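A look at the structure
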Protein chains: 2
Amino acid sequence: MNIRDMKWTPNEKKIARKVFDLAYNLEMEEIRKALREKVQNIESNEGVWQLENYLSDRRKIIDRKYDYRYSMLILVFGQLLNEGYLVEEDILELSEDKISAIKNVAK
Amino acid sequence: MNIRDMKWTPNEKKIARKVFDLAYNLEMEEIRKALREKVQNIESNEGVWQLENYLSDRRKIIDRKYDYRYSMLILVFGQLLNEGYLVEEDILELSEDKISAIKNVAK
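Residue numbers here run from 1 along each chain, matching the order of that chain's written sequence. All chains are assigned letters beginning at A, and all ligands numbers beginning at 1, according to the order in which they are written. In view of the model being predicted, local features appear only for residues whose pLDDT reaches at least 70, and side-chain atom pairs are presented and counted only at 80 or more, with totals across whole chains, interfaces and linings using the full set of residues. To get the side-chain values, all heavy atoms of the structure are used, and hydrogens and water are removed first.

1. A short note on the packing of helix α3 (residues 73-83) of chain A against helix α4 (residues 96-106) of chain A
Helices that pack against each other are described as a pair by the angle of their axes relative to one another and the distance between those axes. Residue and element names in this part refer to chain A. Axis geometry follows a simple rule: fit a line to the C-alpha atoms, using only the stretch in contact for helices, then measure angles between N-to-C directions, giving values from 0 to 180 degrees. Secondary structure elements are taken from DSSP: a helix is a run of H or I of four residues or more, a strand is a run of E of two residues or more, and numbering for both begins at the N terminus. Across the interface, α3 lies against α4 with an axial gap of 7 Å and an inter-helix angle of 55 degrees. Taken together, the axes of α3 and α4 lie oblique to each other. Of the two possible hands of crossing, α3 and α4 adopt the one that is right-handed. Every residue of α4 that contacts α3 at I74, L75, F77, G78, Q79, L81 and N82 is listed here: K98, A101, I102, K103, V105 and A106. The nonpolar class holds Ala, Val, Leu, Ile, Met, Phe, Trp, Tyr, Cys and Pro. Asp, Glu, Lys and Arg form the charged class, and all remaining residues, Gly among them, are polar. Here the residues of the contact of α3 with α4 are counted per class, giving 8 nonpolar, 3 polar and 2 charged. These descriptions rest on fixed angle ranges, namely under 35 degrees for roughly parallel, over 145 for roughly antiparallel, 65 to 115 for roughly perpendicular, and the rest for oblique. Crossing handedness: left-handed means the near helix sits turned counterclockwise from the far one by under a right angle, and right-handed means the same turn made clockwise. The contact criterion used throughout is that any non-hydrogen atoms of two residues lie within 4.5 Å.

Have a look at this one:
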């Protein structure tokens, strides 16, 4: 089955939402940490604009990545698994074909 | 004389450069201070993007404001005087017509 057409049961939707939010919060926490460090280390006016570039880049990346459409979730979770923002244990309760598709994207 | 056509003597150019840089550094220092405070006070993921908005807005404003073309300097200095990023003492050595034009813009 095409990964965009997979059907999500109510229980899987609940898991998906939880995993999605966990990953998002984890990544945002990383950004906040990086932000605190970067602000401490600004040594020039130019450094302020480098920080602006950093944040603006992160925003574009985050907005693009966290796409909560069921047709996109396998791809999203695959990327998050690859990047470590979710781990295999998080998705154990999804159907086998979804788990396998997610792992496949993550490779 | 149109304020865009005023001629700047070498000495006035030197003063202009100094005043311009001082004002820029002052305003950037304010932004860095605000940045440090804002980062300390981020309490949610949304707060990260509010900070991104803040910086991106500042960048647009600063880029637009600090226009070092001699045809623009009277307007630039008028605005900076109005906002307090330069004071009258900074421009005492400019010609009288420039000082008066700057003050006029500042009003």
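Next, the rest of the story.
2. Observations concerning the environment of A16(A)
Residues and elements named next belong to chain A. With respect to the secondary-structure elements, A16 resides in helix α1 (residues 10-40). Between the C-alpha atom of A16 and that of F77, which follows or precedes it by 61 residues, the distance is 8.8 Å. Contact partners of A16, with chain neighbours within four places excluded, come to W8, Y68, L73 and F77.

3. Some words on the interface of chain B and chain A
Listed per partner, the contact involves 23 residues of chain B and 23 residues of chain A. In total, chain B and chain A occlude about 2200 Å² of area from one another, counting both sides; carbon and sulfur atoms represent 62% of this. Any carboxyl oxygen of Asp or Glu within 4 Å of a side-chain nitrogen of Lys or Arg constitutes a salt bridge here. Connecting chain B to chain A are 2 salt bridges. A salt bridge links R59(B) to E52(A); the nearest nitrogen and oxygen atoms lie 2.5 Å apart. For the purposes of these results, a polar contact is taken to be a pair of N or O atoms within 3.5 Å, where, inside protein, one atom must be able to donate a hydrogen and its partner to accept one; residues adjacent in sequence count only when each atom of the pair is a side-chain atom. At the junction of chain B and chain A, the tally comes to 12 residue pairs in polar contact (both at pLDDT 80 or more). Those elements giving two or more residues to the side of chain B that touches chain A turn out to be α1 (10-40) and α2 (45-65) of chain B. A class-by-class count of the residues in the side of chain B that touches chain A yields 11 nonpolar, 6 polar and 6 charged. Accessible surface is computed with a 1.4 Å probe, and the buried area is the amount of it that two parts give up when combined, taken over both parts together.

4. Here's the deal with the nonpolar core
Here, nonpolar core refers to any group of buried Ala, Val, Leu, Ile, Met, Phe, Trp, Tyr and Cys residues whose side-chain atoms link them within 4.5 Å. Residue exposure (1.4 Å probe, protein chains only): buried if accessible area is under 20% of the type maximum, exposed if over 50%, otherwise partly exposed. Judged by nonpolar contacts, the single largest core of 71 residues is most densely connected at F77(A) and F77(B). For this core, the elements supplying multiple residues, two or more each, are α1, α2 (45-65), α3 and α4 of chain A together with α1, α2, α3 (73-83) and α4 (96-106) of chain B. The residues contacting F77(A), other than those within four sequence positions of it, are W8(A), A16(A), V19(A), F20(A), L86(A) and I102(A).

5. Some details on the pattern of salt bridges
Where charged atoms from two side chains of opposite charge approach closely, those side chains can pair. All names here are of chain A. Summed over all chains, the structure comprises 21 salt bridges over all chains. Here D67 makes a salt bridge to R69, at a shortest N to O gap of 2.5 Å. A relative accessible area of 17% means that D67 is categorised as buried. Taking the relative accessible area as the measure of exposure, R69 reaches 47% and is therefore partly exposed. Between K103 and E88 there is a salt bridge, with its nearest N and O atoms 3.1 Å apart. With K103 in helix α4 and E88 in the loop between α3 and α4, this pair connects stretches of sequence that are 15 residues apart. One network of salt bridges, in which partners are shared, links E27, R58, K65 and E83.

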